[in-house]
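Fold and contact review
The primary structure of each chain is shown beneath.
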Amino acid sequence: MSVDPQLRTLEIEIPTQPEVLVKLSLLMAAEDIDLLAMSALVETDMALAAAVLKAVNSSLYGLRGKVQTVHQALTYLGMREVSGITFEMGLRAAFPPAAELEPVWKRASERGVMMGRMGQMLGVDPWAAHSAGLFEECGKAVLYRHAPQHYTAMLRAATRDAELVELEHRAFGVSHDALGAALCESWGLAPASVASVRHHVQVQETLIMPEALQRRGVSAISTMAWAMLLCPERLEEVAHEISPQASLDETLVLRASRRVTEQLQVAQEHGR
């Protein structure tokens, strides 16, 4: 996929998609998804398979028994959530381990699950929603790898992503939302996912979707997930403002948000 020519002029490297994720994307795009082929593909990369199984057995999913194979994980959780975990682990592996990025990856994991499940409930492409949630903040990892000390100070200084974007533009001439969208595009994510990542800071800050944003369902779910994670007291306000802009029913959006929140709370209680 093409990358914005303006970003090519910057000395900021966007990592290439791991081969296993390229092949997984092709399997995900097939009309009849072959679960055996999918599990065999993930298991060809031992480090990735181990990371996937560790994530599957975490408190986020709350499974009652220990899952020991990728195929078992597919049976218990389904294709989308296991594929999401695989993409999450592949994305993390593309960057050096860093304590400063752990909150980013934790939110990515939770947000991906939230958005995928909400998409399923609301009739919005659940894989596009899940992958948009995983990749929403990936531009921060790109900038951290580019300038770790400088960017760490910026992460600490900004109280909101809107402030962080301003700091990023002054320091680098580009912000993490644009870089994240470029990474999504180069890794072949759906246009709705790319658009959600590109505009998420603006929409979360203003609760207004730009006119240019055409595929709005994923963006609306992203904004609800942001409220669920960071400002749950604003959930009703956010649903009221954002749902009509995406032609979604406000009552159904709120119901899906609360149901997913309950599901994750129950999973974490089982996982303890």
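Residues numbered from 1 in each chain as written. Predicted model: local features only at pLDDT ≥ 70, side-chain atom pairs only at ≥ 80, totals over all residues. Heavy atoms only, no water.

**Observations concerning the packing of aromatic side chains**
Enumeration according to the criterion identifies 5 aromatic pairs in this entry. Geometrically, the ring pair formed by Y151 and F172 is tilted, given 6.3 Å between the ring centres and 55 degrees between the ring planes. Here F172 lies in helix α11 (residues 161-172) and Y151 lies in helix α10 (residues 148-157), a separation of 21 residues in the sequence. Here Y151 and F172 have matching classes, each one buried. Through a chain of ring-to-ring contacts, the aromatic side chains of F87, W127, F135 and W187 assemble into a single cluster. (Phe/Tyr/Trp six-rings, centres within 6.5 Å; stacked < 30°, edge-to-face > 60°. Helix = DSSP H or I, 4+ residues; strand = E, 2+ residues; numbered from the N terminus. Buried < 20%, exposed > 50% of the residue type's maximum accessible area, 1.4 Å probe, protein only.)

**What to know about the confidence of the model for the protein chain**
When pLDDT is averaged along the protein chain, the result is 91, and 96% of the positions lie at 70 or above. By mean pLDDT, the top-scoring element of the protein chain is helix α15 (residues 235-242) (98), and the lowest-scoring one is helix α1 (residues 5-8) (48). (pLDDT = per-residue confidence, 0-100.)

**A look at helix α8 (residues 126-135)**
The buried count for α8 comes to 8 of 10 residues, which makes it a mostly enclosed element. Listed as buried for α8 are A128, A129, H130, S131, A132, G133, L134 and F135. N-capping of α8 is provided by D125, with a side-chain oxygen placed 3.1 Å from the backbone N of W127. (Polar contact = N/O pair within 3.5 Å; in protein donor to acceptor, adjacent residues only side chain to side chain.)

**Here we look at the packing of helix α7 (residues 102-122) against helix α14 (residues 217-230)**
Running from amino to carboxyl end, α7 crosses α14 at an angle of 130 degrees, the nearest separation of the two axes being 9 Å. Comparing their axes, α14 and α7 come out oblique. Along this stretch, α7 crosses α14, giving a crossing that reads as right-handed. Of the residues in α14, those in contact with R107, E110, R111, M114, M115, M118, G119 and L122 of α7 are V218, I221, S222, M224, A225, M228 and L229. Classifying every residue of the contact of α7 with α14 by side-chain character gives 10 nonpolar, 2 polar and 3 charged. (Axes fitted to C-alpha atoms, helices over the stretch in contact; angles between N-to-C directions. Parallel < 35°, antiparallel > 145°, perpendicular 65-115°, else oblique. Left-handed = near helix turned anticlockwise from the far one by under 90°. Contact = heavy atoms within 4.5 Å. Nonpolar A, V, L, I, M, F, W, Y, C, P; charged D, E, K, R; others polar.)

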